[in-house]
Amino acid sequence: MEASPRTSRVREFRAAAGLYALALGVRLAYLFAVVHPAPLVGDEPDFFDPAANLVAGRGYSMVPQQSPDGVMHPTANRPPGPAVVLAGAFAVFGPSVLVARLTCALAASAAAPLVYAVTKRIGGGPRPRSAPARWRAFTRRGSTIP
């Protein structure tokens, strides 16, 4: 007996929500266990500083340390999307490293249900239930793993 379309949508929503919750839980556990007390590292300042500049009314600009002449300039070094999202969070909660990392964890966790949805759409059709059956279906299509 096949499930009704509404039941299927509810099941899909629950699966996506569960994947999001799992991904967020893993990221938050890592954040609070390992990363949280640490200062900004790597390329984090490249996103944090422009977001803080946006909230402070200085526009999307490089921080003086990155500019050759020591003056803030508009930049195209990094895509503006992450800084704009961070600026929104900073406008509500204030600029801090914890707010930046929590915002990134919330946004990055959305990748899990999106990948699930894409693979479900690409895969289509009935799913083999066992790993050997999946492997046979994969290799029958002429695909191999190098």
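The structure displayed is predicted, hence computed values, not measured ones. (Residues numbered from 1 in each chain as written. Predicted model: local features only at pLDDT ≥ 70, side-chain atom pairs only at ≥ 80, totals over all residues. Heavy atoms only, no water.)

### Some thoughts on the side chain of T103
No. 1: Mapped onto the secondary structure, T103 falls in helix α4 (residues 97–108).
No. 2: Looking at T103, its side chain comes within polar contact range of the main-chain oxygen of V99, at 2.7 Å.
No. 3: Not counting chain neighbours up to four residues away, the residues in contact with T103 comprise V85, L86 and A89. (Helix = DSSP H or I, 4+ residues; strand = E, 2+ residues; numbered from the N terminus. Polar contact = N/O pair within 3.5 Å; in protein donor to acceptor, adjacent residues only side chain to side chain. Contact = heavy atoms within 4.5 Å.)

### Looking at the packing of helix α1 (residues 5–35) against helix α5 (residues 111–123)
Describing two packed helices takes the angle between their axes plus the distance from one axis to the other.
No. 1: Viewed as axis vectors pointing N to C, α1 and α5 meet at an angle of 140 degrees, and their least axial separation amounts to 8 Å. Taken together, the axes of α1 and α5 lie oblique to each other. Here E12, A15, A16, L19, Y20 and A23 of α1 come into contact with α5, specifically with A112, P113, Y116 and K120.
No. 2: Of the residues assigned to the contact of α1 with α5, the class counts are eight nonpolar, no polar and two charged. (Axes fitted to C-alpha atoms, helices over the stretch in contact; angles between N-to-C directions. Parallel < 35°, antiparallel > 145°, perpendicular 65-115°, else oblique. Nonpolar A, V, L, I, M, F, W, Y, C, P; charged D, E, K, R; others polar.)

### Overview of the pattern of salt bridges
Opposite charge on two side chains makes pairing possible when the charged atoms of those side chains draw close.
No. 1: Counted under the stated rule, the structure contains two salt bridges.
No. 2: We note a salt bridge from E12 to K120, for which the minimum N-O separation is 3.4 Å. Linking E12 in helix α1 with K120 in helix α5, this pair joins segments that are 108 residues apart in sequence.
No. 3: Classification of E12 as partly exposed rests on a relative accessible area of 27%. (Salt bridge = Lys/Arg side-chain N within 4 Å of Asp/Glu carboxyl O. Buried < 20%, exposed > 50% of the residue type's maximum accessible area, 1.4 Å probe, protein only.)

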